Amino acid sequence: MSTLETTAPKPHNNQTPSLWTSVREALRGSHQDYTTGSLNRSILLLAIPMVLEMVLESLFAVVDMAWVGRLGANAVAAVGLTEAMLALVFSIGLGLAISTTAMVARRIGEKDPEDASIAGVQAVVLGLTISLAIGVPAGMMAPRLLAWMGASPAIVATGSGYARIALGGCGAILMLFLNNAIFRGAGDAAIAMRLLWVSNIINLVLDPCLIFGLGPFPRMGVTGAAAATLTGRSIGVLYQFWRLGRGTERLPALARHLRLNVGVMLRLLRVSLPGMVQFAIGHVSWIFLVQIVALFGAASVAGYTVAIRIVVFFILPSWGLSNAAATLVGQNLGARRPDRAEQAVWRTGLYNMYFLGGLGLFFVVFATPVVRLFLNDPAVIPIAAVALRTFACGNVGYAYGMVMLQAFNGAGDTVTPTIVNFFGFWVLELPLAWLLAKPGGMHAEGAFLAIVIAECSMAVAGVLLFRQGKWKRQKI
């Protein structure tokens, strides 16, 4: 990539910027036109901050689980069951986020930043409304919801405080990702990265302090993990609003667009609703998967939760690559360059395959030592290691699948990934998990294997549908 061209001003010696120069530019953030010039350089400038944004997000998830893991299996299980419920909440926010990225990116590609800002304001209004409508009742009903998820009385007693804060404050996490979706769609990936870093660094510092009562902080146990998350991410959201109010090089100040625009709101909802269903399908299947795993005891739930957290540490950076592809698709379709959009997706998928394929081999070989970094429970370690090794076998499929489906979202076609998710998760994954776990006698390992089979099948479907090219004609 050291010989890539750029749309930015050339150096005085007319030489193409070096790889290190491009990396520094990506971290600093600069005004770029991602619809022209070197495609590799465009991917690099977008992907580096997006990947680093997700690296710290995933680092927080793993460090958080490392601290909580010291509190015992019930605490870990409570976190896992709460996150299964939060995933359903996030599906709504993610559906809104992908439509926001698609609409903002399309307007930026059309060289219409004013309409991009109007779309961003409508997304913020929807996000705040949804946050209040879900967070308040979910926080009040947290212990009942844990019990409904199959938690034992011991898990409910341990995790009720965690669930109340995590579910009641879910709006902070929802708005953090939604506001960053606006920045990503505009191509301001470096700003989104710095915002999430600020939030998660606060999380990382507060986590052990509130969990174990270090210094002047109270000892809150697993509840402290939720309090740290809410505090750090709320501060991040406030900072986001400040940056959006000021505006950026690509996006005018949103403060002067604070009015309802019914037409834009309806278009945003039209794209968002299938996106919400898309992620809800996957997250509801996760809830039922956790319940299947819970049939085999708290150790199985804890092992599954730890393995998922470790996988998330490495999958989230890949989502950074996928988000870069979505932004490139949206902006290049707006600029009427669909062939460049398609090329960006194939190339990003290949890079993602190299990354996740190598990590998959590492986990197959070193699953148990990796799990031991986060657990010391002899009943949980073997289950977590089997889960991690099984998930790693599907890494190549995950790599292409996430890029392809996110490319549809970037084009504003949220229906196609929704259909793929429906058949992949509900028609294939859940029945197969039950059959392998119970009648098949594989117990929790059957559910782990079903996840890999379903994800790889969805990746194949995504590639075949993407090659048809109908997404190129999507209007938004």
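This structure is a prediction, so every number in the text was calculated from the model and none was measured. (Residues numbered from 1 in each chain as written. Predicted model: local features only at pLDDT ≥ 70, side-chain atom pairs only at ≥ 80, totals over all residues. Heavy atoms only, no water.)

A. Molecular detail of the pattern of salt bridges. In total, this model carries 3 salt bridges according to the counting rule given. Lys472 is the partner of Asp339 in a salt bridge, and the nearest nitrogen-oxygen pair spans 3.7 Å. Taken together, the residues Asp339 in helix α12 (residues 338-372) and Lys472 in the segment after α16 (444-468) connect sequence positions 133 residues apart. Lys472 sits in the partly exposed class, given a relative accessible area of 26%. A salt bridge links Glu342 to Lys472; the shortest N-O distance between them is 2.6 Å. Here the residue Glu342 occupies a position in helix α12, and Lys472 occupies one in the segment after α16, the gap between them amounting to 130 residues. Residues joined in a network through salt bridges with shared partners are Asp339, Glu342 and Lys472. (Salt bridge = Lys/Arg side-chain N within 4 Å of Asp/Glu carboxyl O. Helix = DSSP H or I, 4+ residues; strand = E, 2+ residues; numbered from the N terminus. Buried < 20%, exposed > 50% of the residue type's maximum accessible area, 1.4 Å probe, protein only.)

B. Layout of the side chain of Glu429. Position of Glu429 relative to the elements: it lies in helix α15 (residues 415-437). Leaving out residues up to four positions away in the same chain, Glu429 has contacts with Ser285, Leu289, Gly424, Ala450, Ile451 and Ala454. (Contact = heavy atoms within 4.5 Å.)

C. Seen up close, the packing of helix α4 (residues 113-140) against helix α7 (residues 170-186). Across the interface, α4 lies against α7 with an axial gap of 9 Å and an inter-helix angle of 165°. Of the possible angle classes, the one that applies to α4 and α7 is roughly antiparallel. Considering only the axes of α4 and α7, their crossing is right-handed. Residues Gly120, Ala123, Val124, Gly127, Leu128, Ile130, Ser131, Ile134 and Gly135 of α4 pack against Cys170, Gly171, Leu174, Met175, Leu178, Asn179 and Ile182 of α7. For the contact of α4 with α7, the per-class residue count stands at 10 nonpolar, 6 polar and no charged. (Axes fitted to C-alpha atoms, helices over the stretch in contact; angles between N-to-C directions. Parallel < 35°, antiparallel > 145°, perpendicular 65-115°, else oblique. Left-handed = near helix turned anticlockwise from the far one by under 90°. Nonpolar A, V, L, I, M, F, W, Y, C, P; charged D, E, K, R; others polar.)

D. Representation of unusual backbone geometry in the model. The residue Arg336 is not glycine, and still its phi comes out positive at about 60°. On the accessibility criterion, Arg336 (76% relative accessible area) is exposed. For His443, which is not glycine, the phi torsion reads 60° and is therefore positive. As for its placement among the helices and strands, His443 is situated in the loop between α15 and α16. You can call His443 partly exposed: its relative accessible area is 46%.

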